[in-house]
Amino acid sequence: MISEVAVKCFLAAVETGNFTNAAEKLYMTRQAVSKQIAQLEKELCVKLFERTTASVGLTQVGVLYHAFFCRTLKEWEKTHYLARTMVEKMNNRVRVGLPYDMLLEDLAYKAAKRCSQEGLEPQLECERYEANELVQKLLDNRLDVVLTFDRSLSELIKDNSTISRQFFKRLSAVLLVSKKHALAVPGARAADFQNEPCFITKDMLPKVNGVEFFKSEWKMHGLSLADVRLVPNRDSMKSMVELGVGFTICTELDSFTKKDQMIAYPLNRKLELYCVWRYSERKTPVLAFLDEFNKLSRCSG
């Protein structure tokens, strides 16, 4: 197998004119250079040099290989540089999983910028998933940090010692309804809608006895839900709410609440959002990012 050292010895001998000068350039002994070139000739099954006592000259085949190795070495060095750059970026990469449609990306990029000001330059990659996917992707090493609600953690993490978590932010829950809804009149309150259909996605529920648990949970907070309907995804949920045939429950940071045709009625409940990550000593940028991220969340509210 042709080695990089042998190729460099060959090119240095051509450039300097003899093995002694090549050895000095490469900080090797003359014998080591000669041995490397002899091994290269053996691997190629050709004679590369016409040797004299004072100098060496290329054979015709040597000229051919010289041109080839010059090109190859340049390509090797270029590829090696690109590969090292890629690895450095991957070591600085922070893959953040955010709850689908929550307005948190600006905060994440501000945290990354603050890390850069402190000498670290995390390569931030933000991805959005439904709540039930976030922690699983973290466990599968496809994300470094996720933000999710406590229920997802309890069901997926359990006693996993590789996972760390920290309270991130307490969000106000809201009942969200379209202005088209017949009950969306001036002076209306959240309780006025509790007999209307409440549309939610499966990831908003615990796996066991989900609908009944959801109803009893909200009853403790003063909302008696009569008709809870499961839909397959958020797009379906949005469509039903936008049509004015029911409502949904989400948080103040959900982008759906910012639409002009929506009305958000405050509910008497706060939902706790957590930062969760896989701890690794090699992922210093992740820990630095988390530190700045949490500082910003405290500043914002």
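Preceding this section is the structure that the text describes.
Residues numbered from 1 in each chain as written. Predicted model: local features only at pLDDT ≥ 70, side-chain atom pairs only at ≥ 80, totals over all residues. Heavy atoms only, no water.

Turning our eyes to something else, we now look at the pattern of salt bridges. Close approach of charged atoms allows side chains of opposite charge to pair. Applying the stated criterion across every chain, the model contains 15 salt bridges. A salt bridge links Asp254 to Arg234; its shortest N-O distance comes to 2.8 Å. Placement of the pair is Asp254 in the loop between strand S9 (247-251) and strand S10 (262-278) and Arg234 in helix H9 (residues 234-242), with a sequence separation of 20 residues. What makes Arg234 buried here is its relative accessible area of 9%. Measuring nitrogen to oxygen at the nearest pair gives 3.2 Å for the salt bridge that ties Lys259 to Glu242. Within this pair, whereas Lys259 is found in the loop between S9 and S10, its partner Glu242 is found in helix H9, the two being separated by 17 residues in sequence. Classification of Glu242 as partly exposed rests on a relative accessible area of 23%. Several salt bridges converge on common partners, so that one network encompasses Arg114, Asp291, Glu292 and Lys295. (Salt bridge = Lys/Arg side-chain N within 4 Å of Asp/Glu carboxyl O. Helix = DSSP H or I, 4+ residues; strand = E, 2+ residues; numbered from the N terminus. Buried < 20%, exposed > 50% of the residue type's maximum accessible area, 1.4 Å probe, protein only.)

In this structure, Leu104, Leu124, Leu147, Phe168, Cys275, Phe289 and Phe293 are the most contacted members of the largest nonpolar core, which totals 26 residues. Only strand S3 (93-99), helix H5 (105-117), strand S4 (123-129), strand S5 (145-149), strand S6 (163-178), S10 and helix H10 (284-299) provide two or more residues apiece to this core. The leading source of residues in this core is H10, at six residues. Setting aside its immediate chain neighbours within four residues, Phe293 contacts Leu104, Leu107, Ala108, Ala111, Leu147, Phe168 and Cys275. Counting 20 residues, the second-largest nonpolar core is a separate cluster that includes Ala173, Leu205, Ile249 and Leu271. (Core = buried A, V, L, I, M, F, W, Y, C linked by side-chain atoms within 4.5 Å. Contact = heavy atoms within 4.5 Å.)

Let's shift gears to the pairing of S9. Counting buried residues in S9 gives five out of five residues, a clear majority hidden from the surface. Burial of the side chains of S9 extends over both faces: Phe247, Ile249 and Thr251 are buried on one face and Thr248 and Cys250 on the other. Alignment of S6 against S9, held across five bridges, turns out to be antiparallel. Within S9, the position partnered with Val174 by the bridge is Cys250. (Pairing = 2+ DSSP bridges.)

Right, let's get into unusual backbone geometry. Of note in this structure, Cys45 is not a glycine but carries a positive phi near 60°. With respect to the element layout, Cys45 can be found in the loop between helix H3 (30-44) and strand S1 (49-51). When its relative accessible area of 68% is taken as the criterion, Cys45 is described as exposed. Unlike most non-glycine residues, Asn141 shows phi in positive territory, near 65°. Here Asn141 shows up in the loop between helix H6 (131-139) and S5.

Quick look at the packing of aromatic side chains now. This structure, assessed with the given rule, holds ten aromatic pairs. Their ring planes at 75° and their centres at 5.8 Å tell us that Phe19 and Phe49 sit as a pair that is edge-to-face. With a gap of 30 residues between them, Phe19 in helix H2 (residues 19-26) and Phe49 in strand S1 connect regions that are remote in the sequence. You can call Phe19 buried: its relative accessible area is 3%. One aromatic cluster is present, built from ring pairs that chain together Phe10, Phe19, Phe49, Tyr65, Phe68 and Phe69. (Phe/Tyr/Trp six-rings, centres within 6.5 Å; stacked < 30°, edge-to-face > 60°.)

This part is about H3. Its 15 residues place the ends of H3 21 Å apart at the C-alpha level, agreeing with the 21 Å of an ideal helix rising 1.5 Å per residue. Residues Val33, Ile37, Leu40, Glu41 and Leu44 constitute the buried set of H3. Mapping the buried residues of H3 onto a view down its axis gives an arc of 100°, with all of them on the same face. Across from the buried face of H3, at angles greater than 90 degrees, the exposed residues are Gln31, Lys35 and Lys42. Looking one or two places after H3, you find Cys45, whose phi comes out positive at around 60°. (Expected span 1.5 Å × (residues − 1). Arc of directions from axis to C-beta.)

With that settled, the discussion passes to the environment of Phe19. Placed ten residues apart in sequence, Phe19 and Thr29 show a C-alpha to C-alpha distance of 9.1 Å. Excluding residues within four positions of it along the chain, Phe19 makes contact with Ala13, Arg30, Val33, Ser34, Ile37, Phe49, Arg51 and Val56.

Those residues of H2 lying buried are Phe19, Ala22 and Ala23. Buried residues along H2 cover an arc of 100° about the axis, so they all sit on one side. Looking at the buried positions of H2, the neighbouring elements they touch are helix H1 (4-16), H3, S1 and strand S2 (56-58). Its side-chain oxygen placed 3.1 Å from the backbone nitrogen of Thr20, Asn18 serves as the N-cap of H2. Positive phi appears at Tyr27, one or two residues downstream of H2, with a value of about 55°. (Polar contact = N/O pair within 3.5 Å; in protein donor to acceptor, adjacent residues only side chain to side chain.)

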